[in-house]
Amino acid sequence: MLPLIVAVFGLGFGTALLLVFALLLWRWGLSLQAILPSRAGPELCLETIGASHFVEKVRWSMDRLGVEYEERQNAGVLGAFFVGRTVPKLHVRTGMVISAIGNSSDILRYLWGRYATEYGERAAFLAPTAEALELEKQLDLYGRYMQQWIYHHILPHRSLTLHAWGCDDPSLPGWQRGIVRLGFPLLRTLMRRAFSLGATTHDKTLARAGDFLQVIEERLEDGRTTLLGGPEISFVDITFASLSGLWIFPDNYGGGKADRVTPHGFEVPAQMQAEVDAWRQCFPRVVALVERLYATERLPAAAVRPV
Ligand SMILES: N[C@@H](CCC(=O)N[C@@H](CS)C(=O)NCC(=O)O)C(=O)O
């Protein structure tokens with residue numbers, strides 16, 4: 001950037017040197033800011049986009065745990081393609097140090113490690129047992145199939161996609177919404193490449209997601225009310241329900257934090273609706289589980305008592 005400024009304004013050697021010095025000072029100020037003791041802010045800050053099933057998994061877990069946190073919402077996709085970060089991303093302030101964790105499963109492990117002793121029973125749903133971790137790996141794959149599935153269907157529809165990315169949400173920064181709107185053709189191309197979208201991928205995704213849902217449907221045949229069979233829900237139930245929200249659209253998805261991006265009021269693309277109808281018919285126990293979890297267990301953050 002600096003050489004451009006120097007060239008455009010025809011600056012001399014002395015001014016250019018001053019400019020370099022000023023920029024170095026500014027950069028040093030930024031570094032100092034990070035370690036100044038007066039730095040204020042929430043202990044936990046969750047960086048998100050409104051419509052994300054991986055975000056919902058963490059958000060729901062944090063709401064259930066009852067930790068205080070601030071959610072910082074962004075417009076969809078910009079982060080991934082221009083800053084190289086995915087959401088959810090949890091920023092943790094410990095005194096002067098701010099750490100960041102950027103993978104939903106790793107965030108859940110951090111929450112367990114940090115709060116299990118202090119919160120006791122209330123954190124029990126986060127216990128990373130061998131069985132839960134094994135299922136979580138498959139669930140995370142299912143989450144990726146869901147991304148491929150939904151983008152295959154919505155990307156051809158500009159308004160629907162922009163809505164899902166938060167462009168109709170006035171609480172998001174206007175400049176982000178503007179860039180997403182303007183850059184839509186590019187973002188759509190990048191998205192198609194990132195997920196290798198196309199008819200072949202769609203067929204594979206549909207089959208793999210269907211196979212996984214069949215496994216879960218069979219698991220529920222013995223009448224269990226949770227995926228691991230215990231009386232209380234665990235993080236794998238929260239994960240499964242959150243990831244399935246993309247096709248079941250249960251009431252209360254997001255616990256009040258995704259209302260501005262849900263597709264109510266939009267016509268669901270016909271092929272997508274047909275596939276949802278088929279899944280609903282083939283996997284009634286799955287649908288019942290997810291709807292029940294959302295109706296009875298998806299409490300908003302404020303509903304959880306402090307420890
Ligand atoms: N494995 C990651 C996947 C996260 C992911 O794919 N997040 C998407 C949203 S669902 C994302 O960051 N999209 C980019 C963006 O919207 O900026 C996790 O579990 O957190």
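Predicted model only: the values in this text are computed from it and were never measured.

Asker: Teacher, can you tell me more about the domain arrangement of the protein here?
Answerer: Where interface size is quoted, it is often the accessible area lost as the parts come together. Considered domain by domain, the protein is made up of domain 1 (2-31), domain 2 (44-125) and domain 3 (130-299). Taking only C-alpha atoms, the centre of domain 2 and the centre of domain 3 are 19 Å apart. Residue-level contacts link 26 residues of domain 2 with 41 residues of domain 3. Taking both partners together, domain 2 and domain 3 bury about 2900 Å²; carbon and sulfur atoms supply 63% of that area. At the junction of domain 2 with domain 3, the criterion picks out six salt bridges. Two residues, Glu136 and Arg109, come together in a salt bridge whose shortest N-O distance is 2.9 Å. Where domain 2 packs against domain 3, one counts 18 residue pairs in polar contact (both at pLDDT 80 or more). Going through the elements one at a time, helix H3 (53-65), strand S2 (70-74), helix H4 (78-83) and helix H5 (104-119) are the ones with two or more residues in the side of domain 2 that touches domain 3.

Asker: How should I be thinking about the environment of Cys45 in this particular structure?
Answerer: Along the polypeptide, Cys45 turns up in strand S1 (residues 44-49). Classification of Cys45 as buried rests on a relative accessible area of 4%. For the pair formed by Cys45 and Tyr115, sequence separation is 70 residues and the distance between their alpha carbons is 16 Å. Excluding its chain neighbours within four sequence positions, the residues that come into contact with Cys45 are Glu70, Arg72, Lys89, Leu90 and His91.

Asker: Would you mind showing me how to read the layout of surface pockets here?
Answerer: Here the idea is plain: a probe the size of a water molecule rolls over the atoms and shows the empty space left. What the largest pocket holds in volume is close to 990 Å³. In terms of lining residues, the largest pocket is bounded by 45 residues, among which Ile49, Ala51, Ser52, Gln147 and Tyr151 are the most central. Secondary-structure elements contributing two or more residues to the lining of the largest pocket are H3, H4, H5, helix H6 (130-154), helix H7 (158-164), helix H9 (184-194) and helix H11 (235-248). For the lining of the largest pocket, the leading source of residues is H6, giving six residues. Grouping the constituent residues of the lining of the largest pocket by class yields 26 nonpolar, 14 polar and five charged. If you count residues domain by domain, the lining of the largest pocket takes at least three from each of domain 2 (44-125) and domain 3 (130-299).

Asker: How should the side chain of Glu71 be read in this particular structure?
Answerer: Along the chain, the position of Glu71 falls in strand S2. Within the local environment of Glu71, its side chain forms a polar contact with the side chain of Arg59, the two groups lying 3.0 Å apart.

Asker: Help me understand the nonpolar core in this model?
Answerer: Considering soluble globular proteins, one finds that nonpolar side chains tend to be buried as a cluster. Tyr151, Trp165, Phe240 and Trp247 are the most contacted members of the largest nonpolar core, which totals 73 residues. Ranked by residues supplied to this core, first place goes to H6 with 10 residues. Both domains that furnish three or more residues to this core are identified here as domain 2 (44-125) and domain 3 (130-299). Discounting residues that sit within four places of it in the chain, Tyr151 has contacts with Val77, Pro156, Trp165, Met191, Phe195 and Leu197.

Thresholds applied
- Within any chain, residue numbers begin from 1 and follow the written order of that chain's sequence.
- Given that this is a predicted model, residues contribute local features only at a pLDDT of at least 70 and side-chain atom pairs are listed and counted only at 80 or more, while totals for whole chains, interfaces and linings are drawn from all residues.
- Note: side-chain values were computed over all heavy atoms of the structure, leaving out hydrogens and water.
- Domain delimitation in this document rests on an assignment produced automatically or drawn from a domain database.
- Between two residues, a contact is recorded if the distance between any of their heavy atoms is within 4.5 Å.
- The buried area of a pairing is the accessible area, by a 1.4 Å probe, that goes missing from both parts when the two are put together, added over both.
- Any Lys or Arg side-chain nitrogen located within 4 Å of an Asp or Glu carboxyl oxygen qualifies as a salt bridge.
- Under this definition, polar contacts are N or O atom pairs within 3.5 Å; protein pairs additionally need one hydrogen-donor-capable and one acceptor-capable atom, and for neighbouring residues in sequence, both atoms have to be side-chain atoms.
- Put simply, DSSP marks the helices as runs of H or I at least four residues long and the strands as runs of E at least two long, and each gets a number from the N terminus on.
- With a 1.4 Å probe rolled over the protein chains alone, any residue whose accessible area is under 20% of its type maximum counts as buried; one over 50% counts as exposed, and the rest are partly exposed.
- Here a cavity is any set of points on a 1 Å grid over the protein atoms alone where a 1.4 Å probe fits but cannot get out, and a pocket is any open set with protein on both sides within 12 Å along at least 5 of 7 lines; a residue lines the site when it has an atom within 4 Å of a point.
- Grid points are joined across faces, edges and corners, and a volume is the space filled by probe spheres set on the points.
- Polar here means any residue other than Ala, Val, Leu, Ile, Met, Phe, Trp, Tyr, Cys and Pro, which are nonpolar, and Asp, Glu, Lys and Arg, which are charged; Gly is therefore polar.
- The criterion is simple. A nonpolar core is a set of buried Ala, Val, Leu, Ile, Met, Phe, Trp, Tyr and Cys residues joined through side-chain atoms within 4.5 Å.

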